[in-house]
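# Residue-level structural notes
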Amino acid sequence: MTDRIVGLLQEIRPESDFAASRDFLGDGLLDSFDMIALVAALDAVFRVSIEGVDIVPQNFQNLDAIAALLRKYRVAL
Amino acid sequence: MKFLFRDKRISGLLAVVPANEASFLDEMRNFDFPAHRSLKLKEVMGYDKHRLVQGETCVSDLAVFGLQHLIDRRLLDRDDIDALILVTQSPDHLMPPTSSIIQGRLNLKQDMFCLDINQGCAGFVVGLIEAFLLLEQESIRKVVLINADVLSRRTSPKDRNSFPLIGDAASITVVERDAGGAVIHANLKMDGTRNEALMIPAGGMRMPSTADTAVLEDVGDNNLRAKDHLRMDGSAVFNFVQVEVPPMIDALLAAAGATGDAVDWFLFHQPNRFMLQKLADKMHVPHAKMPSNVVEKFGNSSGVTIPMAVALNLGQRLIAERFRVCFAGFGVGLTWGSMLLSLGAMSFCELIDYPNSSGLQTGG
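All values reported here derive from a predicted model rather than from experimental measurement.

## Let's talk about the overall build of chain B
The secondary structure content of chain B amounts to 10 helices and 17 strands. Computed over the C-alpha atoms, the radius of gyration of chain B is 19 Å, within 12% of the 21 Å expected from 2.2 N^0.38 for a compact globule of 364 residues. Expressed as a percentage of its 364 residues, the buried residues of chain B come to 58%. Within chain B, contacts between residues separated by at least 24 positions form 78% of all contacts whose residues are at least 6 apart in sequence. Within the structure as shown, chain B displays about 14600 Å² of accessible surface, and the carbon and sulfur contribution to it stands at 49%. Averaging the locations of the 36 positively and 42 negatively charged side chains of chain B gives two centres separated by 3 Å.

Below, the structure is given as structure tokens:
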């Protein structure tokens, strides 16, 4: 499942090595607009609607944070 | 803060947009940004077309053009206008008030009240509240509320965070008494501690415009912007809207003793499609009842997006039909407000173009 998240991230930023970072926004791998593009992709792929109040940097800091967010929406990972 | 108004109605609405249209696909080259990421933004945010004034077209030009259109067609009698409220963040000058300029250019009567309000995306709700309050006076029977902005003139074309969504426009809303009309509920909140989330830093007394404030600076993410330009903390604004707006609508509906199902249209300010869809999902409102087509077709014109949504989505239907509508605006200040009212039996409701390169319109 983590591979699916990485795949979605790399569709947005193909040049970034997401496996090597623990802080996607701090390391410049994602910006705030990428975060929104990622939410749209996660919503579509996992058939959820991530709430606006959850679209904050700490929920997209790294793969673990994104996985935890999806679990909150009962996505089986 | 709650408001309740009786015996008032919106009797006509006209939106005015510059005929000059720009396309995000054409403007992508202005941004130092990979094309595939720009296209992804287009898809998610709804960036497509936006309308921009040309040359030195000002707020008063759009407003006078629209008012003259109504006067010429006998949809509005200039002598009936007892108050003129202009809500704008892009006045013609620091002084005099642009509402006075409009009054003068149209030779409106002296026995009237002109008022400028410096508000933005919540400005339609703020302006309606002010109009309804004025109508409590015996001497004021008809108020013309103008929402207008030409913020493209103060937005960096090389700022991907702001420029693609900015649109210029004006709206003219006629508000008058309506004996026996349905009760109108509204609420409004403001938080000045977050005033820097949306601002144009230079151009006022705190930081006068100089050659230095006009210099483009790298503000990150390959965006270039000057201190003379609009600055928007997109993440802070997004979070503000998602946190504050749903409970505001809940409180409005509770005050009116209504449910969301009883509302025909949620006509909200339109910053971008993504933000609106997230709001709709949170409020369990079908996307079709909360349109985002204004920002996609015309751009985000601050306080004008709500009246434009009325004209674009309901238009002529409002002459013969009636709908229960919820307005919500949120933005600069920070300010957020909403209103629940019945719309219908209007004399006019349309959207017109302000011609290209028409120069100053000299009404009156």
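## Description of the nonpolar core
Residue and element names in this part refer to chain B. Of all hydrophobic cores here, the largest spans 71 residues; its most connected members are Ile 249 and Phe 268. Discounting chain neighbours no more than four positions away, the residues touching Phe 268 are Val 245, Ile 249, Leu 276, Leu 279, Met 283, Met 290, Thr 305, Ile 306, Cys 326, Phe 327, Ala 328 and Phe 330. Of all hydrophobic cores here, the second largest spans 48 residues; its members include Leu 134, Ala 169, Leu 267 and Ala 311.

## Points about the interface of chain A and chain B
With 20 residues of chain A in contact, the opposing surface of chain B contributes 20 residues. Across the chain A to chain B interface the summed buried area is about 1600 Å²; carbon plus sulfur atoms make up 61%. On inspection of chain A and its partner chain B, the count reaches 5 salt bridges. Residue Asp 31 of chain A pairs with Arg 160 of chain B through a salt bridge whose shortest N-O separation is 3.4 Å. At the junction of chain A and chain B, the tally comes to 9 residue pairs in polar contact (both at pLDDT 80 or more). Here the side of chain A that touches chain B takes 8 residues from helix α2 (residues 32-46) of chain A, the largest share from any one element. Of the residues assigned to the side of chain A that touches chain B, the class counts are 11 nonpolar, 3 polar and 6 charged.

## Considerations on the side chain of Asp 159 of chain B
Residues and elements named next belong to chain B. Within the fold, Asp 159 resides in the loop between β7 (142-149) and β8 (169-177). What makes Asp 159 buried here is its relative accessible area of 0%. Among the polar contacts listed, one links the side chain of Asp 159 to the backbone nitrogen of Asn 161, at a separation of 3.0 Å. If sequence neighbours within four positions are ignored, Asp 159 has contacts with Phe 31, Pro 164, Asn 223, Leu 224, Arg 225 and Leu 230.

## Here's the deal with helix α7 (residues 273-282) of chain B
Within the span of α7 of chain B, buried status applies to Phe 274, Met 275, Leu 276, Lys 278, Leu 279 and Ala 280 of chain B. Where α7 of chain B is buried, its residues meet α2 of chain A together with α2 (35-45), α6 (234-256), β14 (265-268) and β15 (322-331) of chain B. Capping of α7 of chain B at its N-terminal end is provided by Asn 272 of chain B; its side-chain oxygen lies 3.2 Å from the backbone amide nitrogen of Phe 274 of chain B. Where α7 of chain B terminates, the next one or two residues include His 284 of chain B, which has phi positive at roughly 55°.

Calculation notes
- Residues numbered from 1 in each chain as written.
- Chains lettered and ligands numbered in written order.
- Predicted model: local features only at pLDDT ≥ 70, side-chain atom pairs only at ≥ 80, totals over all residues.
- Heavy atoms only, no water.
- Helix = DSSP H or I, 4+ residues; strand = E, 2+ residues; numbered from the N terminus.
- Rg over C-alpha atoms; globule rule 2.2 N^0.38 Å.
- Buried < 20%, exposed > 50% of the residue type's maximum accessible area, 1.4 Å probe, protein only.
- Contact = heavy atoms within 4.5 Å.
- Areas by Shrake-Rupley, 256 points an atom, 1.4 Å probe, with all protein chains shown as cover.
- Lys, Arg positive; Asp, Glu negative; His and termini not counted.
- Charge placed at Lys NZ, Arg CZ, Asp CG, Glu CD.
- Core = buried A, V, L, I, M, F, W, Y, C linked by side-chain atoms within 4.5 Å.
- Buried area = accessible area lost by both parts, 1.4 Å probe.
- Salt bridge = Lys/Arg side-chain N within 4 Å of Asp/Glu carboxyl O.
- Polar contact = N/O pair within 3.5 Å; in protein donor to acceptor, adjacent residues only side chain to side chain.
- Nonpolar A, V, L, I, M, F, W, Y, C, P; charged D, E, K, R; others polar.

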